[in-house]
Amino acid sequence: MPILSYTSRRELEEHSFSPATTLLVPIAAIVVQVLLSKLYWRFSLLDLPLIVTIFFAVSRRSPAAGTLTGAAIGLMQDALTGRPIGVNGMAKSVIGYIASSIGISVDVDSLTTRIVMNFAFSLLNSGILFLIDQRLLGLSNIHLQWIQELLRALGNTVIAIPVFLLLDLTKRPE
């Protein structure tokens, strides 16, 4: 009689990355984001560090690693963009935690899942940043413009698909 063993999806599909990939990809995303935003203001609608945070969080499937990855990427982004230090760090920590938690139970390698996930996380990131600005920083002149946020989410989703496909090439199975 064959013996059936239970192996979770997380154990089967958890990925790691080389130290160079782990360090250079987020730095490159942040630098490209800052440079593109300075060249043309419309590129500030995109959030490449958010896309990289989502990718690493769902690939590693560890809420602790997703939170730390989001915090590190967000803090580096804050340091280079002129926002108060910690704003993007807090937002991307939450996104990293939720994304890695979802990655444990959902097939995140599916194109449909990636589209929905990036769109939803982009909207969630905008909402978290709005709440931080309004409630923690007390910036009452900040208002959420839904059309702009939907366009931002759509743009991030369109950019995320080829970025995810490129970053898939850097995965190393555990």
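Our structure's up above, just so we're on the same page.
Attention here is on the structure that accompanies the text. (Residues numbered from 1 in each chain as written. Predicted model: local features only at pLDDT ≥ 70, side-chain atom pairs only at ≥ 80, totals over all residues. Heavy atoms only, no water.)

Things to note about the overall build of the protein chain
When helices and strands are tallied, the protein chain shows seven helices and two strands. From first element to last, N terminus to C terminus, the protein chain shows the α and β order α-β-α-α-α-α-α-α-β. Considered along the principal axes of its C-alpha atoms, the protein chain spans approximately 70 × 30 × 25 Å. Evaluated residue by residue, the protein chain yields a buried proportion of 40% over its 174 residues. Here the protein chain displays about 9600 Å² of accessible surface, and carbon together with sulfur accounts for 71% of that area. Taken as two groups, the 13 positive and 11 negative side-chain charges of the protein chain have centres that lie 6 Å from each other. (Helix = DSSP H or I, 4+ residues; strand = E, 2+ residues; numbered from the N terminus. Buried < 20%, exposed > 50% of the residue type's maximum accessible area, 1.4 Å probe, protein only. Areas by Shrake-Rupley, 256 points an atom, 1.4 Å probe, with all protein chains shown as cover. Lys, Arg positive; Asp, Glu negative; His and termini not counted. Charge placed at Lys NZ, Arg CZ, Asp CG, Glu CD.)

Topic: the nonpolar core
Grouped together as the largest cluster of nonpolar side chains are 28 residues, with contacts concentrated most on Ile54, Met117 and Phe164. Breaking this core down by element, the ones donating at least two residues are α2 (19–39), α3 (48–60), α5 (87–105), α6 (111–136) and α7 (146–168). When residues of this core are assigned to their parent elements, the largest contribution, nine residues, is made by α3. Ignoring anything within four residues of it in the chain, the contact list for phenylalanine 164 reads Ile51, Ile54, Phe55, Arg114, Met117 and Asn118. (Core = buried A, V, L, I, M, F, W, Y, C linked by side-chain atoms within 4.5 Å. Contact = heavy atoms within 4.5 Å.)

Examining the packing of aromatic side chains
Under the definition given, this model contains five aromatic pairs. Here the aromatic rings of phenylalanine 17 and phenylalanine 56 are separated by 4.8 Å at their centres, their planes lie at 90°, and the arrangement is edge-to-face. Remark: phenylalanine 56 occurs in helix α3 and phenylalanine 17 occurs in the loop between β1 (15–16) and α2; sequence separation between them is 39 residues. Classification of phenylalanine 17 as buried rests on a relative accessible area of 6%. Residue class for phenylalanine 56 comes out buried when judged on its relative accessible area of 2%. An aromatic cluster of three or more residues is present, and its members are Phe17, Phe55, Phe56 and Phe164. (Phe/Tyr/Trp six-rings, centres within 6.5 Å; stacked < 30°, edge-to-face > 60°.)

Quick look at α2
Compared with an ideal rise of 1.5 Å per residue, which puts 21 residues at 30 Å, α2 spans 30 Å between its outermost C-alpha atoms and is within 8% of the ideal. Next to the buried residues of α2 lie α3, α4 (63–81) and α7. (Expected span 1.5 Å × (residues − 1).)

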